[in-house]
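# Structural overview for review
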Amino acid sequence: MKITVKKGKALEQKTACLVLGVFEGKYKDEALIGLDQQLDGVLSRATKSKEFVGGKGSFLLLHGGKQTVAERILLVGLGKESAFTLRSLRQVSSSTAKFLAEKQLGSFVLGFPQVEIKKTAFVSRVEAITEGVLLADYRYDRYLPKKQAEKSAVLDHVTLLISDSESPAIAKTAVATAQAIGAGVCFARDLVNAPGNLKSPEYMAMQAVAMAEQVGITAKLLNRRELERQGFGAMLGVAQGSVYEPYLIILEYQGGNAETKPVALVGKGVTFDAGGISLKPAEKMDEMKMDMGGAAAVLGTIMTAAKMKLPINLVAVVPAVENMPSGTAIRPGDILTSLSGKTIEVLNTDAEGRLILADALTYVGRYEPRVVIDVATLTGAVIVGLGNYAAGVLGNHNGLIQHLIKAGEASGERLWQLPLWEEYTELIKSDFADVKNTGGRAAGTITAAAFLQEFADDYCWAHLDIAGMAWEGNGRAGQPKGGTGFGVRVLVEYLRGI
Ligand code: BES
Ligand code: MG
Ligand code: ZN
């Protein structure tokens, strides 16, 4: 899809469809008055009859007449002006793109850059609009019948119409930023949507290496032999039930000077989580191909950071394994020796994410990172607590957590903090090893984080539990059913601010 920026008056645009935003009850701006005149009062009649009043999420598609330059005009309800935010702008851009795509109108002129929001910069608004459109245009259709796939991908050329007082250069920068973010999110979505028979840890590694090459960053892989040599006992414990070979994927981006300590991102990369010997129930087990959503998020983030040339150093580490039941799988009761030297009693083989993260968190300590953020589809409990509306955030440094929460608000990927008081650590003490990998039914998200904390003791650390956010079960505007790429936007926003 092509996105261009253009200055000009709305009613002078020659296009298959001109899109204008309308706040509820506010029909008095220049373009709307002019349009009403050109169409012999159509807009007045539609608002009077309450067919279209600018309500949030409403559309009115009109065909042009003799006097209009555009072939069609789409009026998009923005809802109450006082309630309209950057989040609303992102959403309405997505729903508009979806609406037009379904009508096979792939080229249009979008007037949204002229919609103002209090205390919000033009550059942020254009970014939000572009992001909304790009994410609505995503499809995972490579295994669909050709006809269906062709029909679904129709956005072709979107023109962002900016007012005479705004700078096209600023708008173009915003578009480029949103494209870099969109690329990272879509890369992550593709990885999550890939089915488990294709998506082995090796496949993840190859995708990461190819992406690294594409954006010019360094990639390194540790294979089973090397992991054994170095003592990644917790990660190898999970991997031993699968016929797929495990990989530790390490990507490094250097945008700052060589002495600056990097930010380290760690992503849970379980390519399929059957639960192991503690086998999961059959229902919805297919969705467990998304158990590498954290890995996808950190890989997408480093991709975007490189594309944006952020002035920081970044390392992304992904332990990639498959969690399967088999004759070689770990058993409940097994004791593993982690890379840190700490021993772990495995009470439930389905609590595998924390095992592989334990070793990855120890590993990133070698970088003396300024902060470490891990991202993982770690617990079903976070879905019980927060549903599919926010990721849980916990950690050992409140300043870092607050920064992340702010970045979440700004980017639209919400985070909600849970406590990590020392009492919770009591729940993961084991009778036979340093720690056990489950803390019982209560506070499942927190005891999982308390477990990770045991391996993140040398640095500032935060943990995002994205189990409720990595997969969209129904599909909505800006987010078709499947992998969401959640995490890329909040992490990029955080990294832009440090
Ligand atoms: N991958 C799951 C968590 C998950 C659940 C992700 C639902 C996405 C949607 C994780 O490995 C897991 O199985 N966690 C267990 C931990 C328990 C055994 C302590 C859980 O949450 O039930
Ligand atoms: Mg599991
Ligand atoms: Zn899992």
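None of the values given here were measured: they were computed from a predicted structure.

### A short note on the coordination of the magnesium ion (ligand 2)
Donor atoms from the polypeptide that bind the magnesium ion (ligand 2) are Asp 273 (OD), Asp 350 (O), Asp 350 (OD) and Glu 352 (OE), placed at 2.0 to 2.2 Å. Read N to C, the donor residues that coordinate the magnesium ion (ligand 2) are spaced as D-x76-D-x1-E.

### Structural notes on the coordination of the zinc ion (ligand 3)
The zinc ion (ligand 3) binds to the protein through Lys 268 (NZ), Asp 273 (OD), Asp 291 (OD) and Glu 352 (OE); the donor distances cover 2.0 to 2.4 Å. Here the zinc ion (ligand 3) is ringed by 6 donor atoms whose angles at the metal span 79 to 176°, and the overall shape comes out octahedral. Read from N- to C-terminus, the donor residues coordinating the zinc ion (ligand 3) fall into the pattern K-x4-D-x17-D-x60-E. Between the two metals, the zinc ion (ligand 3) and the magnesium ion (ligand 2), the spacing is 3.1 Å, and Asp 273 donates to both. Here the residue Asp 273 occupies a position in strand β10 (residues 269–273), and Glu 352 occupies one in the loop between β13 (343–345) and α11 (353–364), the gap between them amounting to 79 residues.

### Overview of the side chain of Glu 413
Relative to the helices and strands, Glu 413 resides in the loop between α13 (398–411) and β16 (415–417). Glu 413 sits in the buried class, given a relative accessible area of 3%. Side-chain polar atoms of Glu 413 contact the backbone nitrogen of Gly 487, separated by 2.9 Å. At 3.2 Å, the side chain of Glu 413 and the backbone nitrogen of Arg 489 are in polar contact.

### Some points on the sheet that holds strand β17 (residues 435–436)
The mixed open sheet is built from 3 strands, whose spatial order is β12-β13-β17. The outermost strands of the open sheet, each flanked by one partner alone, are β12 (335–337) and β17. Pairing of β13 with β17 involves 2 bridges; the strand directions are parallel. What sits directly across from Glu 345, in β17, is Lys 436.

### Structural notes on the packing of aromatic side chains
Note on aromatic pairs: each is described by the distance of the centres and the angle between the planes. Going through the model one piece at a time under the given rule, you end up with 7 aromatic pairs. With a centroid separation of 4.2 Å and 20° between ring planes, the pair formed by Phe 59 and Phe 99 is classed as stacked. With Phe 59 in strand β3 (residues 59–63) and Phe 99 in helix α3 (residues 86–102), this residue pair connects regions lying 40 residues apart in the sequence. Relative accessible area serves as the criterion here: at 24%, Phe 59 is assigned to the partly exposed category. We classify Phe 99 as buried; its relative accessible area is 18%. With 6.3 Å between their ring centres and 70° between their planes, Tyr 363 and Tyr 367 make a pair best called edge-to-face. A relative accessible area of 4% means that Tyr 363 is categorised as buried. Linked through ring pairs, Phe 232, Tyr 363 and Tyr 367 together constitute an aromatic cluster. When the ring centre of Phe 99 is taken as origin, the NZ or CZ atom of Lys 103, which lies over that ring, is 4.5 Å away.

### Side note on the sheet that holds strand β2 (residues 18–23)
With mixed pairing, 6 strands are arranged side by side in an open sheet as β1-β6-β5-β2-β4-β3. Unpaired on one side and paired on the other, β1 (2–7) and β3 mark the two borders of the sheet. Each strand of the sheet is rotated relative to its neighbour by a mean of 25°, with strand direction disregarded. Summarising the sheet, β3 and strand β4 (residues 72–79) pair through 5 bridges and their orientation is antiparallel. From the neighbouring strand, Leu 60 faces β4, where its bridge partner is Leu 75. Seen against the sheet, helix α1 (residues 30–38) touches β2 and β4 and runs at an angle of roughly 115° to β2. Together, β1 and β6 (157–162) form the strand contacts of helix α6 (residues 168–193), whose direction differs from that of β1 by roughly 165°.

### Here's the deal with α13
The end-to-end C-alpha distance of α13 is 20 Å, a good match for the 20 Å that 14 residues give at a rise of 1.5 Å each. What α13 keeps buried is the set Leu 400, Ile 401, Leu 404, Ala 407, Gly 408 and Ser 411. Taken end-on, α13 shows its buried residues confined to a sector of 125°, consistent with a single buried face. Within α13, the exposed residues directed more than 90 degrees away from the buried face are Lys 406 and Glu 409. Once α13 finishes, Gly 412 follows within two positions and takes phi at roughly 90°, a positive value.

### Here we look at helix α4 (residues 122–136)
Counted at 1.5 Å a residue, the expected span for α4 with its 15 residues is 21 Å, and the 21 Å between its end C-alpha atoms agrees. Of all 15 residues in α4, 13 are buried; the element is thus mostly enclosed.

### Description of the site of ligand 1
Residues in contact with ligand 1 amount to 17 residues; listed here are only the nearest, Lys 280, Asp 291, Asp 350, Glu 352 and Gly 380. The separation between an oxygen atom of ligand 1 and a polar side-chain atom of Lys 268 is 3.2 Å. Compared with its free state, where it exposes 510 Å², ligand 1 has 79% of that area covered by protein. The residue makeup of the shell around ligand 1, split by class, is 5 nonpolar, 5 polar and 7 charged.

### Points about the side chain of Thr 47
Within the secondary structure, Thr 47 sits in helix α2 (residues 42–48). For Thr 47, a relative accessible area of 12% translates into the label buried.

### Notes on the domain arrangement of the protein chain
Domain parsing of the protein chain yields domain 1 (2–162) and domain 2 (193–496). A C-alpha centroid distance of 38 Å is found between domain 1 and domain 2. Listed by partner, the interface residues are 12 residues for domain 1 and 14 residues for domain 2. Here domain 1 meets domain 2 over a buried area of about 1100 Å², counting both sides, of which 48% is carbon and sulfur. On the surface where domain 1 and domain 2 come into contact, there are 2 salt bridges. Linking Arg 489 and Glu 131 is a salt bridge whose minimum nitrogen-to-oxygen distance equals 3.0 Å.

Rules of the game
Residues numbered from 1 in each chain as written. Chains lettered and ligands numbered in written order. Predicted model: local features only at pLDDT ≥ 70, side-chain atom pairs only at ≥ 80, totals over all residues. Heavy atoms only, no water. Donors = N, O, S within 2.8 Å, 3.2 Å for Na, K, Ca; no water. Tetrahedral: all angles 85-135°; square planar, octahedral: opposite > 155°, others 65-115°. Helix = DSSP H or I, 4+ residues; strand = E, 2+ residues; numbered from the N terminus. Buried < 20%, exposed > 50% of the residue type's maximum accessible area, 1.4 Å probe, protein only. Polar contact = N/O pair within 3.5 Å; in protein donor to acceptor, adjacent residues only side chain to side chain. Pairing = 2+ DSSP bridges. Phe/Tyr/Trp six-rings, centres within 6.5 Å; stacked < 30°, edge-to-face > 60°. Lys NZ or Arg CZ within 6 Å of the ring centre and 35° of its normal. Axes fitted to C-alpha atoms, helices over the stretch in contact; angles between N-to-C directions. Contact = heavy atoms within 4.5 Å. Expected span 1.5 Å × (residues − 1). Arc of directions from axis to C-beta. Near = heavy atom within 4 Å. Areas by Shrake-Rupley, 256 points an atom, 1.4 Å probe, with all protein chains shown as cover. Nonpolar A, V, L, I, M, F, W, Y, C, P; charged D, E, K, R; others polar. Domains from an automatic or database assignment. Buried area = accessible area lost by both parts, 1.4 Å probe. Salt bridge = Lys/Arg side-chain N within 4 Å of Asp/Glu carboxyl O.

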